[in-house]
Amino acid sequence: MKKKLRIKKEDEFQLVFKKGESSANRQFVVYVLEKPGQDHFRIGLSVSKKIGNAVVRNQIKRYIRQAFLELKEDIEEGKDYIVIARKPAAEMDFFQVKSSLIHVLKRSKSLNFKMKKQ
């Protein structure tokens, strides 16, 4: 992901946690904060050590980043997103991660499309 699309700083994370709205399902929690002056969306990822070793955690983060890249046109611009992975995410493959993220983003009303039949 490009640097302008990422949230890395602790104070930016805390701002989204405090002022943003959260939505969740069994695998992910997503915090969303409106940023009116921003012309793109940014994401921050949090995967706890409780979920697995470094290999598993990095794989989950890669899956989430790839899912966001594939959904780029459908995700609302001008918002910050923080995705927190929960334990069940460790046993998921990419397509399950993507569909779970679509589900939780729809719950947060951050997705602009209806699921297309494949």
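Below you will find a few notes about this structure. The shown structure was predicted, so the numbers you read here are calculated from the model rather than taken from an experiment.

1. A word on the pattern of salt bridges
Pairing between side chains of opposite charge can happen when the charged atoms of each approach one another.
Here comes step 1: All told, the structure shown has six salt bridges when counted by the stated rule.
Here comes step 2: Ionic pairing is found between Glu12 and Arg42, a salt bridge with its closest N-O pair at 3.5 Å. Of this pair, Glu12 sits in helix 1 (residues 10-19) while Arg42 is found in strand 3 (residues 42-47), placing the two residues 30 residues apart along the sequence.
Here comes step 3: A residue is classified by how much of its surface remains accessible, and Arg42, at 11% relative accessible area, is buried.
Here comes step 4: As a salt-bridge pair, Asp80 and Arg42 come within 3.0 Å of each other at their nearest N and O atoms. Here Asp80, found in strand 4 (residues 79-85), pairs with Arg42, found in strand 3; they are 38 residues apart in sequence, far enough to count as distant.
Here comes step 5: Several salt bridges share partner residues, and in doing so they unite Glu12, Lys35, Arg42 and Asp80 into one network.

2. Section: the sheet that holds strand 1 (residues 21-24)
Here comes step 1: With respect to topology, four strands assemble into an open sheet ordered 1-2-4-3, the strand pairing being mixed. Edge positions in the open sheet fall to strand 1 and strand 3, since each of these has one partner strand only. The mean angle between the axes of side-by-side strands here comes to 20°, regardless of whether they run parallel or antiparallel.
Here comes step 2: The sheet contact formed by strand 3 and strand 4 spans six bridges and is parallel.

Definitions and limits used
- Residues numbered from 1 in each chain as written.
- Predicted model: local features only at pLDDT ≥ 70, side-chain atom pairs only at ≥ 80, totals over all residues.
- Heavy atoms only, no water.
- Salt bridge = Lys/Arg side-chain N within 4 Å of Asp/Glu carboxyl O.
- Helix = DSSP H or I, 4+ residues; strand = E, 2+ residues; numbered from the N terminus.
- Buried < 20%, exposed > 50% of the residue type's maximum accessible area, 1.4 Å probe, protein only.
- Pairing = 2+ DSSP bridges.
- Axes fitted to C-alpha atoms, helices over the stretch in contact; angles between N-to-C directions.

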